[in-house]
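# Notes for the structure review
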Amino acid sequence: MTTMTEGLGIEPEPAPAIADDLAVRVRALRRARRDAQIRASRVRRVLLAPTAAPDPYANPRGRPRRHGRA
């Protein structure tokens, strides 16, 4: 007995093992893409984060002053 798809050159449904392997690969690729997007957004957030303004009361760099003492 022949099936309706044999003469048309259409492949039958994949075997369950092949379908399971394909599902595992699709999930792994989606997870990898999601992880890459998360990493990229974190990098962007760090690179675009505003930097702190310099402290106006910080000690100036250079030679320390002795204020007239010997």
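For the structure given in this document, a descriptive report is provided here. (Residues numbered from 1 in each chain as written. Predicted model: local features only at pLDDT ≥ 70, side-chain atom pairs only at ≥ 80, totals over all residues. Heavy atoms only, no water.)

Counting its secondary structure elements, the protein chain contains 1 helix and 0 strands. Within the protein chain, the fraction of its 70 residues that count as buried is 0%. Accessible area for the protein chain stands at about 7,700 Å²; split by element, carbon and sulfur atoms hold 57% of it. (Helix = DSSP H or I, 4+ residues; strand = E, 2+ residues; numbered from the N terminus. Buried < 20%, exposed > 50% of the residue type's maximum accessible area, 1.4 Å probe, protein only. Areas by Shrake-Rupley, 256 points an atom, 1.4 Å probe, with all protein chains shown as cover.)

Moving on to a nonpolar patch on the surface. On the surface, Val-43, Leu-47 and Leu-48 cluster together into a nonpolar patch covering about 350 Å² of accessible area. Position of Leu-47 relative to the elements: it lies in helix H1 (residues 16-48). Leu-47 gets classed as exposed once you look at its relative accessible area, which sits at 66%. (Patch = residues over 30% accessible without salt bridge, like charges linked within 9 Å, V, L, I, M, F, W, Y side chains within 5 Å. Salt bridge = Lys/Arg side-chain N within 4 Å of Asp/Glu carboxyl O.)

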